[in-house]
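What follows is each chain in one-letter form.
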Amino acid sequence: MKQQTKAIHSKFPSKDAYGSLSMPVYHTAAYEFDDADSMSDAFCGRVLVPDYSRVMNPTVMFLEQKVRDITGAKDVIALTSGMAAISNTFLALTSTGKNIVTSRHLFGNTFGLLVNTLGRFGVETRFTDLTNIEEVKKLVDDNTCCVYLEIITNPQMEVANLKALSEITKAHNIPLVADTTIIPFTAFNASNQGVDIEIVSSTKYLSGGATSLGGLIIDYGNFPEFNRRIRFEMLFNIGAYMTPHAAYMQTLGLETLSVRYAVQSKNALELARKLKTLPAIKRVNYVGLEDNPYHEIACQQFGETAGAMLTIDLESEEACKKFINSLKLIKRATNLFDNKSLAIHPSSTIFGPFSDKQKAEMDILDTTIRLSIGLEDVDDLFDDIKRSLS
Ligand SMILES: *Cc1c(COP(=O)(O)O)cnc(C)c1O
């Protein structure tokens, strides 16, 4: 079956008692066993059947299976949020005295997790320019537990060379971990680019219109103990498994993901081209534009599409706020890849708590507005922006 057919037709692991066409929402905490030995097998992980919904649930397992079918990954673990997927991955990979090599161009809470939370436990984060391979080589040492990156950074839109980074991680026998939230796994295969562990905030494209929070750890099986550690240590001890209700909504979202993404990424490209004609906009940053410095590497790695997030720069922070206040159609909201288009001023919101020095180091400008492009007609989006600028 082709990918889109799999997204619709993955089979349930066992036959539903009533022949339900959608996977039922198993709102249950625990499961009954026929005898003591099968209970022991489940609890000791010898047989993968649900025993308790902190660790396994049929509705969540069905979403995990669908993502496994589509990506070809060895294992997929669904968690309560993108941050749960990221934090559990680091908790599984690192320990006191280890270091993580990454970029300062990170989702704000991932930066906070590394510096504030993991920093308190003696995990060092080494920030570097991941587009400078020689610099990365210098920083990776015997105590490095992984190289971590976002495939298109938000909001700087930087794209590092995944294959070049994976040569470094392979040489050190450590995983290359990538947050691929910005381009869905239906559009490109991260494993073919050398990514060992892929992380997705399924709150975004996958949830199908911002219905629910979720995160996925997509493990390509190059580090055999990793997925077992997530399932048999992290889910047990930390407890951030996805809820069945969220899994149900995200399964529906997954069925239409590639169809919605095709429209949203096309809308983003069309809008980016139109926005370049407006003099009030000083810069349009979208890797899908031919003159973007990362256009070529993005095409090589991700194929034809470049996601549905773009940024525009206006002449001042004041102009940004006026613009945001004037929008009528585009919503003033955070989040990405809702069916509705969204606008936010990252410097005063997501990065508001950061110091000016930190913002400068992260290349967060107070003249930037981030747009997430939805499923509306591009003409209406363009009109809203043009009118708000004037
Ligand atoms: C939203 C987002 C996250 C965090 O995901 P949540 O589901 O909000 O916890 C992480 N990385 C990127 C790139 C994101 O856009």
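The structure this text deals with has already been given above.
The shown structure was predicted, so the numbers you read here are calculated from the model rather than taken from an experiment.

A. Structural context of helix H11 (residues 317–326). Three or more residues of H11 are buried, namely Cys320, Phe323 and Ile324. The buried residues of H11 all sit within an arc of 95 degrees when viewed along its axis, so they share a single face. Summarising the geometry of H11, the exposed residues directed more than 90 degrees from the buried face are Glu318, Lys322 and Asn325. The inward-facing, buried residues of H11 contact strand S9 (309–313), strand S10 (331–332), strand S11 (342–344), strand S12 (368–372) and helix H13 (378–389).

B. Structural context of the site of the ligand. In the vicinity of the ligand, the residues found are Ser81, Gly82, Met83, Ile86, Phe107, Asp179, Thr181, Ser201, Thr203, Lys204, Gly214 and Leu336. Between the ligand and Asp179 there is a distance of 2.6 Å, counted from a nitrogen atom to a side-chain nitrogen or oxygen. Here Lys204 contributes a side-chain N or O atom positioned 2.7 Å from an oxygen atom of the ligand. In isolation the ligand offers 380 Å² of accessible surface; the protein chains occlude 91% of this area. It is helix H4 (residues 82–93) that contributes the most residues to the shell around the ligand, three residues altogether.

C. Structural context of the layout of surface pockets. Size it by volume and the largest pocket reaches roughly 400 Å³. For the lining of the largest pocket, the secondary-structure elements that each account for two or more residues are helix H1 (3–9), helix H3 (58–71) and helix H9 (244–275). Partitioning the lining of the largest pocket into residue classes produces seven nonpolar, eight polar and five charged.

D. Up close: the nonpolar core. Formed by 114 residues in total, the largest nonpolar core has its most connected members in Phe185, Leu275 and Ile312. When sequence neighbours within four positions are dropped, the list of residues in contact with Leu275 reads Ile281, Val284, Leu310, Ile312, Leu371, Phe382 and Ile385.

E. Representation of the pattern of salt bridges in the model. Scanning the model with the defined rule gives 18 salt bridges in all. Between Arg104 and Glu361 there is a salt bridge, with the nearest N and O atoms lying 3.3 Å from each other. Remark: Glu361 occurs in helix H12 (residues 356–361) and Arg104 occurs in the loop between strand S2 (99–102) and helix H5 (108–120); sequence separation between them is 257 residues. A relative accessible area of 27% means that Arg104 is categorised as partly exposed. The closest approach of N and O atoms between Lys137 and Glu134, which form a salt bridge, is 3.6 Å.

F. Main features of the pairing of strand S5 (residues 176–179). Side chains of S5 alternate between two faces, with Leu176 and Ala178 and Val177 and Asp179 buried alike. Pairing of strand S4 (residues 144–150) with S5 involves four bridges; the strand directions are parallel. If you follow Tyr148 over to S5, its bridge partner there is Val177. Once the chain exits S4 it traverses helix H7 (residues 162–171) before rejoining the sheet at S5, and the crossover so formed is right-handed. The pairing of S5 with strand S6 (residues 197–201) spans three bridges and is classified as parallel. Bridging across to S6, Val177 finds its partner in Ile197.

G. Local environment of the sheet that holds S9. With mixed pairing, the five strands of this open sheet are ordered in space as S8-S9-S12-S11-S10. One side of each edge strand has no neighbouring strand; the edge strands of this open sheet are strand S8 (283–285) and S10. For S9 and S12, the ladder comprises five bridges, and the chain directions are antiparallel. Looking across to S12, one finds that Met309 is bridged to Ser372. Here H11 sits on the sheet in contact with S9, S10, S11 and S12, set at roughly 30 degrees to S12.

Each value, and the rule that gives it
- Residues numbered from 1 in each chain as written.
- Predicted model: local features only at pLDDT ≥ 70, side-chain atom pairs only at ≥ 80, totals over all residues.
- Heavy atoms only, no water.
- Buried < 20%, exposed > 50% of the residue type's maximum accessible area, 1.4 Å probe, protein only.
- Helix = DSSP H or I, 4+ residues; strand = E, 2+ residues; numbered from the N terminus.
- Arc of directions from axis to C-beta.
- Contact = heavy atoms within 4.5 Å.
- Near = heavy atom within 4 Å.
- Polar contact = N/O pair within 3.5 Å; in protein donor to acceptor, adjacent residues only side chain to side chain.
- Areas by Shrake-Rupley, 256 points an atom, 1.4 Å probe, with all protein chains shown as cover.
- 1 Å grid on protein atoms, 1.4 Å probe; cavity = no way out; pocket = protein on both sides within 12 Å on 5 of 7 lines; lining within 4 Å.
- Points joined across faces, edges and corners; volume = space filled by probe spheres on them.
- Nonpolar A, V, L, I, M, F, W, Y, C, P; charged D, E, K, R; others polar.
- Core = buried A, V, L, I, M, F, W, Y, C linked by side-chain atoms within 4.5 Å.
- Salt bridge = Lys/Arg side-chain N within 4 Å of Asp/Glu carboxyl O.
- Pairing = 2+ DSSP bridges.
- Right-handed = clockwise from strand over helix to strand, strands pointing away.
- Axes fitted to C-alpha atoms, helices over the stretch in contact; angles between N-to-C directions.

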